[in-house]
Every structure is written in C-alpha cells, then in structure tokens.
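Analysis of the macromolecular model
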Amino acid sequence: MPNSPPRRDETPRRAPLNVFASLVEQLADLLQPLFATTATAAAIVLFTLLVRLAVHPLSRAAARGQKARTRLAPQLAALRKKHAKNPERMQKAIMELHAREKVSPFAGCLPSLLQAPAFFLMYHLFSSGRMAGHSLFAAPLGDRYADALSHGGLIGPAGLVYLVLFAIVAAVATYNYLRARRQPAPVVVEPGQPGAGMAAGMARYLPLLSFATLISVAVVPLAAALYIVTSTTWTAVERAFLYRDMPQAALVTPA
C-alpha cells in the first residue's frame, strides 16, 4: 500500500487566528468585572474600536484626498476636454496633476482594505466554534439570525438581540442615505463622455447600499455582526466629522 503524502503543517496558517483568539480572550478578561457574561461581546466591540482608531489616520488622509479631488474637479474637466481625442495624453496629464497636487486616487480604498483582515479573523474565529459558549445576553456569538429564529422566534430572547442590532443598522443606514443625498460624492463626468449615464445611475442608487448591511448582519455569525455594526456606526460618525465642511458637488456636470 503506497504511503500517504505527509500532511502539511497548518500551524503557520492558524497562527494569526491563535493570536487573535488570545487577544479577544485577554480583552474579555479585562472587561469581565464590568460586563460579566457579555464580556466577550464587549471585547469584540472594543477590539473593533481599536482597529478603527488605528486606521483613522488613513481615513483622515482619504478625506483630505477627496476634498482635494473636489477642488481639482474643474482642472480635471478642462484636461478631459483638452485631450478628448488623445486618451493616453489625457491619462498622463491627469496623473501629472495628481502627482503635482500630491493627491492619490486610491487613498480612499486603504481604510477598507486594512479592516478586511480583522473582519475575516472575527468571522472564522466564531464560525469555527473555537470560542463556543460565549454570548450576547441570550444570543450565542457563534450563531446566526436563522438560529435565533429557530430558538424562540422573532421576539424570542436571541431574536430580540438581533432586532436591536437591526434597529441600529437601519438608523445608521438611513442617516448615511440622507447625508449622501445632501452631499453626493465628488465624481465629475462630462456629458457625452463614456460612462456618464452609468455614473448618474450609480449616483442615484449607491446610497441605498447602506441598507445591504442588514443582510450581512443576518447571515454572518453574531460575533462578526457585532464587528460590522460597530464599524458601520464608527464610519458614519467619522465621516460626519471628517467631511463636515465638504461642499455640495454634482455627480454629473450639467450641460
């Protein structure tokens, strides 16, 4: 009988999860005197706040970049008009303008990209059952909304926990939607340019994506849902502060 291939050592792959689990446990131990049985849930919220605080400098840089792009919008429109028949020259001129003004078109993506590993660690930590037995009141942190519905129904003990989370997410999403309608993102598209109609359509429906967070909260483990709710709320407060002086900007330049 041929020898079976040697199993690969999975320790390096599990190392980040082990470190993360240890960090959550240590935070939970510190919070135990204040939060008792919900200490792990409180540790998740605190961990999320620490992650967002660490990423905040990049969020500030992204806000400065977005304000700078708004300020440069007339110059960008002029470059597009000047080099409309030479796309390569247009792109070069736009890149030169960004470099001269020290504006990165990708700065706004960094905060979200750096938060992704923390979310996936939170997701795998509790979906794998490694920290079973922890709960937020009557709702186990490793369960999902479907589990809450099957154990007590919509207004059961676990269901009520989710209803509170849904209410928070809906309130934040409504605030984001109303704010986005008052202050759309500064994306300037000249009439007649390729993608102008698509940009206008996206501008109309993009604010509604805030409500998609409700679906995420319902399908991921409660621990990951806590991360999402805390991070989403932080984002709403942070953007209200960083973009408080942002001027109104039109998505599509009028003809």
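Quick look at the structure, then.

A few words now on helix H6 (residues 157-182). Taking 1.5 Å per residue, 26 residues should reach 38 Å; H6 reaches 38 Å between its end C-alpha atoms and fits that length. Among the residues of H6, those classed as buried are Ala-158, Gly-159, Val-161, Tyr-162, Leu-165, Phe-166, Val-169, Val-172, Ala-173 and Arg-179. Among the structural elements, strand S1 (135-136), strand S2 (139-140), helix H5 (145-150), helix H8 (213-219) and helix H9 (222-242) are those in contact with the buried residues of H6.

Now for the packing of aromatic side chains. In the structure shown here, the tally under the stated rule is four aromatic pairs. Each ring, one from Tyr-145 and one from Phe-166, has its centre 5.0 Å from the other, and the planes form 90°; the classification is edge-to-face. Separated by 21 residues along the polypeptide, Tyr-145 in helix H5 and Phe-166 in helix H6 bring together distant segments of the chain. Judged by relative accessible area, Tyr-145 falls into the buried class, the value being 14%. The positively charged end of Arg-239 is found above the aromatic ring belonging to Tyr-243, 4.4 Å away from the centroid.

With a phi close to 55°, Ala-36 is a non-glycine residue in the positive phi region. Structurally, Ala-36 can be placed in the loop between helix H1 (11-35) and helix H2 (39-82). Given a relative accessible area of 40%, Ala-36 falls into the partly exposed group. The backbone of Phe-137 sits at a positive phi, close to 60°, despite the residue not being glycine. With respect to the helices, strands and loops of the structure, Phe-137 is situated in the loop between S1 and S2. Relative accessible area serves as the criterion here: at 63%, Phe-137 is assigned to the exposed category.

How each quantity is defined
- Residues numbered from 1 in each chain as written.
- Predicted model: local features only at pLDDT ≥ 70, side-chain atom pairs only at ≥ 80, totals over all residues.
- Heavy atoms only, no water.
- Helix = DSSP H or I, 4+ residues; strand = E, 2+ residues; numbered from the N terminus.
- Expected span 1.5 Å × (residues − 1).
- Buried < 20%, exposed > 50% of the residue type's maximum accessible area, 1.4 Å probe, protein only.
- Contact = heavy atoms within 4.5 Å.
- Phe/Tyr/Trp six-rings, centres within 6.5 Å; stacked < 30°, edge-to-face > 60°.
- Lys NZ or Arg CZ within 6 Å of the ring centre and 35° of its normal.

Distances and angles like these do not, on their own, reveal function.
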